[in-house]
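Examining the three-dimensional arrangement
In case you want the letters, here they are:
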Amino acid sequence: MLNRAKAENIQNWIEKINTYNSTPEFGTTRVLFTEPEIAAREYVKDEMRKLGLAVREDSIGNIFGTLVGNNPELAPVWTGSHIDTVLNAGMFDGMAGVVGGMEALRLIKESGVNFDRSIEVIVYTSEEPTRFGLCCLGSRAMAGHLTLEDTKKLEDKDGKTLESVLKELGYNLNKFEDIPVKKGEVFAAVELHVEQNNKLEKKGLPVGIVKTICAPTNFTVEVTGCQSHAGGTSMEDRRDAYAASCEIALILEDLALKCSSEYNTATVGRVEVIPNAVNVIPGKVRFSIDIRDCEFETKVELIEELKKEIRKIEDKRGVQVKLINENNDIPMKCDATILNILRNSCEDKGIPYDVMISGAYHDSMFVGEFTPVAMVFVPSKNGISHSPEEWTDFKDIALGVDVLAKSLLELANKKEL
Ligand SMILES: [Zn+2]
């Protein structure tokens, strides 16, 4: 029925997209609505048209390439990912899923097989938070969590708002309210993505089927102690905000290591020490906490445990700790029927696979709020991503596309899930 995906098509597309890059001297940088990103968008739209897809864009720049089914009134099946990057990134994160979707649609079209529902490949706007500090702008707006009002508040480092950038580029903000997708308007969505971990590589498997996408809970922590002279203040008299912060970080690490859930992580990634001087005991420290888990309950338990430990540290060290909760997101459980379809597609094509958890979040986390989702992973060499070292073999992406194409076709002919 379907031919096998061509690794060389995938390679050509990825390498061409990679030429749209503002840091060719070190990795790939393609930040939302900068010159290279806009050029990459135009290139992808052109390639979609060459494949015979109908191309449209919504008011926040989500791009849709549609392969029209026999019954276009039915809710479509979606695939796709993103083409923006973090700073000095690689050429696969996001792009594998966009060109993988294009290759899947090419195979389906070439086969001449009949299918009912239209199948669409989507380029979601700005999955990475690089420019406006908020991730998944496109899919977030689709899920109804980013309004036109919000775009007026989101500023880049130059003080430009997302609203003004969209306006400048000619997006029709009067239609912003049309972006949110209601339940039932999309039948199902499957995103192909690089794994960003080394589990597939360790097992020597080309494909992963994602059953859960971990969701982050983020805190800003403010520890207040007493700023004082590093030499003049005896050890027993200090209220060192930094030492207290370190203790919190170590307890967090320990709680995460001991956590009973199948996959979880905890990270202190940003630390600000005040006044940050060699001869002064830090009086204040601000730091970030990022906790992710595949189960919401175990995440909540870990946070409760952490709060108890923090109270003990406050007493012991004479510091005050303020925990500011930024977000507390619920992990996305992928749809059981789509997972079965993906499993069967792997078995049918003789492609070995594993069922796994995604520690990183993806657009599918938001898309999953309005339609059943699942994801297909392909291996990341040494588990590295968000780095110029990022690598996935094109032939592995092609195997992922074989699974994707077969599954999309099956979904496009399904009456219900
Ligand atoms: Zn990504």
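Residues numbered from 1 in each chain as written. Predicted model: local features only at pLDDT ≥ 70, side-chain atom pairs only at ≥ 80, totals over all residues. Heavy atoms only, no water.

Looking at an unreviewed UniProt entry, the chain carries the name Zn-dependent hydrolase, with the source organism given as Clostridium polyendosporum. The Subunit (unreviewed entry) field of the UniProt record for the chain holds the comment "Homodimer." (UniProt positions renumbered as here; feature names shortened; annotations may be inferred.)

This part covers the packing of aromatic side chains. For the structure on display, the rule yields eight aromatic pairs. Ring plane angle 80 degrees and centroid distance 5.9 Å describe the contact between Trp78 and Phe370, whose orientation is recorded as edge-to-face. Highlighted residues: Trp78 in strand 3 (residues 77-81) and Phe370 in the loop between helix 11 (363-367) and strand 16 (373-378), separated in sequence by 292 residues. Connected via pairs of aromatic rings, a cluster forms that spans Phe64, Trp78, Tyr124 and Phe370. Over the aromatic face of Phe64 sits the side chain of Arg56, whose NZ or CZ is 4.0 Å from the ring centroid. A cation over an aromatic ring shows up here: Arg117 above the ring of Phe187, its NZ or CZ 3.6 Å from the ring centre. (Phe/Tyr/Trp six-rings, centres within 6.5 Å; stacked < 30°, edge-to-face > 60°. Helix = DSSP H or I, 4+ residues; strand = E, 2+ residues; numbered from the N terminus. Lys NZ or Arg CZ within 6 Å of the ring centre and 35° of its normal.)

What follows covers the layout of surface pockets. Counted as a void, the largest pocket has a volume near 870 Å³. Along the wall of the largest pocket there are 38 residues; nearest its centre are Cys135, Pro216, Asn218, Arg292 and Tyr361. When contributions to the lining of the largest pocket are tallied by element, the ones reaching two or more residues are strand 7 (215-224), strand 12 (284-293), strand 13 (320-328), strand 15 (353-358) and helix 11. Looking at the lining of the largest pocket element by element, the count peaks at three residues for strand 15. Residues belonging to the lining of the largest pocket are distributed by class as follows: 15 nonpolar, 13 polar and 10 charged. (1 Å grid on protein atoms, 1.4 Å probe; cavity = no way out; pocket = protein on both sides within 12 Å on 5 of 7 lines; lining within 4 Å. Points joined across faces, edges and corners; volume = space filled by probe spheres on them. Nonpolar A, V, L, I, M, F, W, Y, C, P; charged D, E, K, R; others polar.)

Reference values for angles at a metal are 109.5 degrees in the four-donor tetrahedral case and 90 or 180 degrees in the six-donor octahedral case. Coordination of the zinc ion by the protein comes from His82 (NE2), Asp93 (OD) and His193 (NE2), over a distance range of 2.0 to 2.2 Å. All donors of the zinc ion belong to a single chain; written as a sequence motif, their spacing is H-x10-D-x99-H. Here His82 is found in the loop between strand 3 and helix 3 (95-111), whereas its partner Asp93 is found in the loop between strand 3 and helix 3, with 11 residues between them in sequence. Pair check on accessibility: His82 and Asp93 agree, each one buried. (Donors = N, O, S within 2.8 Å, 3.2 Å for Na, K, Ca; no water. Buried < 20%, exposed > 50% of the residue type's maximum accessible area, 1.4 Å probe, protein only.)

Among the five residues of strand 2 (residues 63-67), five are classified as buried, and the element is accordingly described as predominantly covered. Burial along strand 2 is two-sided: Ile63, Gly65 and Leu67 facing one way and Phe64 and Thr66 facing the other are all buried. Of the pairings in the sheet, the one linking strand 1 (residues 54-57) to strand 2 comprises four bridges and is antiparallel in character. Within strand 2, the residue paired with Arg56 across the bridge is Phe64. What sits between the antiparallel neighbours strand 1 and strand 2 is a turn of five residues, in which Gly61 has the positive phi angle 90 degrees. (Pairing = 2+ DSSP bridges.)

A few words now on the packing of helix 1 (residues 7-17) against helix 3. At a closest axis distance of 10 Å, the pairing of helix 1 and helix 3 adopts a crossing angle of 140 degrees. Here helix 1 lies oblique to helix 3, going by the angle between them. Remark: the crossing between helix 1 and helix 3 carries right-handed chirality. Only Met95, Ala96, Val99, Met102, Glu103 and Arg106 of helix 3 make contact with helix 1, whose side of the interface consists of Asn9, Ile10, Trp13, Ile14 and Ile17. For the contact of helix 1 with helix 3, the per-class residue count stands at eight nonpolar, one polar and two charged. (Axes fitted to C-alpha atoms, helices over the stretch in contact; angles between N-to-C directions. Parallel < 35°, antiparallel > 145°, perpendicular 65-115°, else oblique. Left-handed = near helix turned anticlockwise from the far one by under 90°. Contact = heavy atoms within 4.5 Å.)

It is worth spelling out the domain arrangement of the chain at this point. When its domains are assigned, the chain resolves into domain 1 (7-214 + 331-412) and domain 2 (215-328). Each of domain 1 and domain 2 was reduced to a C-alpha centroid, and the two centroids are 35 Å apart. In this complex, domain 1 contributes 13 residues to the contact, which on the side of domain 2 involves nine residues. Carbon and sulfur atoms make up 63% of the area that domain 1 and domain 2 hide from each other, which totals about 910 Å². Three residues, Cys214, Pro331 and Ile357, lead the burial of domain 1 against domain 2; their summed loss comes to 50% of the area buried on that side. Counting the contacts that link domain 1 with domain 2 gives two salt bridges. There are three residue pairs in polar contact (both at pLDDT 80 or more) connecting domain 1 and domain 2. At three residues, strand 6 (residues 207-213) tops the list of elements feeding residues into the side of domain 1 that touches domain 2. (Domains from an automatic or database assignment. Buried area = accessible area lost by both parts, 1.4 Å probe. Salt bridge = Lys/Arg side-chain N within 4 Å of Asp/Glu carboxyl O. Polar contact = N/O pair within 3.5 Å; in protein donor to acceptor, adjacent residues only side chain to side chain.)

Time to look at helix 9 (residues 296-317). Across its 22 residues, helix 9 extends 31 Å between first and last C-alpha, which sits within 8% of the 32 Å expected from 1.5 Å per residue. Of the residues making up helix 9, those classed as buried are Thr298, Lys299, Leu302, Ile303, Leu306, Ile310, Ile313 and Glu314. When helix 9 is viewed along its axis, its buried side chains cluster within an angular range of 155 degrees and face the same direction. Set apart from the buried face of helix 9 by more than 90 degrees, the exposed residues are Glu297, Glu301, Lys308, Lys312 and Asp315. Contacts made by the buried residues of helix 9 are with strand 7, helix 8 (241-258), strand 9 (264-267), strand 12 and strand 13. Of the residues one or two after helix 9, Gly318 is the one with positive phi, at around 65 degrees. (Expected span 1.5 Å × (residues − 1). Arc of directions from axis to C-beta.)

Once that is clear, we can look at the side chain of Thr28. Looking at where Thr28 falls in the secondary structure, it is placed in the loop between helix 1 and helix 2 (35-50). The exposure class assigned to Thr28 is buried, which follows from its relative accessible area of 3%. A distance of 2.6 Å separates polar atoms of two side chains, one belonging to Thr28 and the other to Asn18. Excluding residues that lie within four positions of it along the chain, Thr28 makes contacts with Asn18, Asn21, Thr23, Thr85, Val86, Leu87, Asn88, Ala89, Gly90 and Met91.

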